[in-house]
Amino acid sequence: MAPFRPGDLEEGDVVFEEDIIRNPYNLKSWLRYIEHKQSRKAPRPAINLIYERALKELPGSYKLWYAYLKRRRLHAKTKVITDPEYVKVNNAFERCLVFLSKMPRIWLDYGQFLVDQAMVTRVRHTLDRALRSLPLTQHDRVWPLYMKFIRAHDIPETGIRIYRRYLKLFPENGEDYVDYLKSINRLDLAAQKLADLLNQENFKSKHGKSHYQMWRDLCTLMSENPDKMKDMKVEAIIRCGLDRFSCEIGSMWCSLAQYQSRSGWFERARDVYEEAMSKVTTARDFGQVFDAYAHFEETVIEGKMSATSDGEVDEEDVEGALYPHGGASRQAQYQSRSGWFEKARDHPP
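Below: a short report on this structure. Predicted, not measured: the structure shown is a model, and the values here were computed from it. (Residues numbered from 1 in each chain as written. Predicted model: local features only at pLDDT ≥ 70, side-chain atom pairs only at ≥ 80, totals over all residues. Heavy atoms only, no water.)

Glancing now at the state of the cysteines. For the structure shown, the criterion picks out zero disulfides. Not engaged in a disulfide, the cysteine C240 finds its nearest cysteine sulfur in C219; these two sulfurs lie 9.6 Å apart. (Disulfide = S-S within 2.5 Å.)

Okay, here's the thing in structure tokens:
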């Protein structure tokens, strides 16, 4: 920016120049001068120069810095993102923060301005600096922008680390973390976090979900993605949920059986369905389990029969895969199960 020269003065500026010479540390004198130049629609560089002169005398003035930075930001946004004006505004923010590092509004405006420039690494470093500079009682003003930034960019590992820091201050937002983990396909961590929330006796869902609904969500998540749950004891967790509730547990039993079947353990899935039908205590749960069991049998038999008809496997291999008890009883098991299924489908309880 070009230095001030007396020849740059216009008619009517002299009185304001005399005022600031007499009172260089008077904020109102500078503001009156700026307002005068704006009313005369002076060129943008001329007004910016007055702001710079004022800030040289009053570098700790929040009012001057806020108005000046807002003006510079609005002008920069009229240009393409690669324009040098953006660099100049970023530098102005850095100069401001030397004096006003305890002002959350400045940090937020700077952070949002960097987000608009898509400067991912610089945004993260700047918001981390904001959290270090501001007192803990003002961190709740910074974190919403940080979380919005994390969800808007594909940086999963960084997002996980930042979310873990966030939850130390706001543990009640654990469900948002679960949703984020699902969105980045880290379903194993999502299940682990959801299980941790359910183990907290005083945890209350911010979305109004009951513990039963959260248990059902956890069971569904694990049963539908068995290949992602390698570090979790899925069966033990689901049975723990079954022990906590006495009714409306048909969906949990179905989730356990579905987990077994999706893992390729068809005989275990049958054992779970039959155990469920013997233990549920309500007609609704029984009907839910029975329908799921019938659908499971139909799907398995149709799938194996289709493989046989296509010549991919022979009939003996089909029976062995369906009922792996071996020996001469294999054919009897197969015929018995097929007969049971036909009867159950035609005459449900």
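The next thing to look at is the pattern of salt bridges. This model, assessed by the stated rule, comprises 21 salt bridges. Residue D109 pairs with R73 through a salt bridge whose shortest N-O separation is 3.9 Å. With D109 in helix α6 (residues 104-116) and R73 in helix α4 (residues 62-76), this residue pair connects regions lying 36 residues apart in the sequence. A relative accessible area of 10% places D109 in the buried class. By relative accessible area, R73 is classed as buried at 13%. Because the salt bridges share partners, they merge into one network encompassing E235, R239, E275 and K279. (Salt bridge = Lys/Arg side-chain N within 4 Å of Asp/Glu carboxyl O. Helix = DSSP H or I, 4+ residues; strand = E, 2+ residues; numbered from the N terminus. Buried < 20%, exposed > 50% of the residue type's maximum accessible area, 1.4 Å probe, protein only.)

This part takes up the packing of helix α5 (residues 84-99) against α6. A packed helix pair is summarised by two numbers, namely the angle formed by the two axes and the spacing between the axes. Running from N to C, α5 and α6 point in directions that differ by 160°, and their axes come no closer than 11 Å. Here α5 lies roughly antiparallel to α6, going by the angle between them. Between α5 and α6 lies a crossing of left-handed hand. Of the residues in α6, those touching α5 at Y86, V89, N90, F93, E94, C96 and L97 are I106, W107, D109, Y110, F113 and L114. Among the residues making up the contact of α5 with α6, the classes are represented as 10 nonpolar, one polar and two charged. (Axes fitted to C-alpha atoms, helices over the stretch in contact; angles between N-to-C directions. Parallel < 35°, antiparallel > 145°, perpendicular 65-115°, else oblique. Left-handed = near helix turned anticlockwise from the far one by under 90°. Contact = heavy atoms within 4.5 Å. Nonpolar A, V, L, I, M, F, W, Y, C, P; charged D, E, K, R; others polar.)

Counted by the stated rule, this structure contains 20 aromatic pairs. Between Y51 and Y68, the aromatic rings sit 5.2 Å apart at their centres with planes inclined by 25°, giving stacked as the arrangement. Placement of the pair is Y51 in helix α3 (residues 44-57) and Y68 in helix α4, with a sequence separation of 17 residues. When the ring of Y212 is compared with that of F245, the centres are 5.5 Å apart and the planes differ by 80°; the resulting orientation is edge-to-face. (Phe/Tyr/Trp six-rings, centres within 6.5 Å; stacked < 30°, edge-to-face > 60°.)

Attention now moves to the packing of helix α2 (residues 27-39) against α3. Put simply, α2 and α3 touch, their axes get as near as 10 Å, and they point 175° apart. The pairing of α2 with α3 is recorded here as roughly antiparallel in orientation. Of the residues in α3, those in contact with W30, Y33, I34, K37 and Q38 of α2 are I47, I50, Y51, R53, A54 and E57.

A positive phi angle, near 55°, is found at K41, a position not held by glycine. Summarising the element assignment, K41 is placed in the loop between α2 and α3. Residue K41 is classed as exposed on the basis of its relative accessible area, which comes to 75%. Residues other than glycine seldom take positive phi values, yet N185 does so here, at roughly 65°. Its location among the elements puts N185 in the loop between α10 (174-183) and α11 (187-198).

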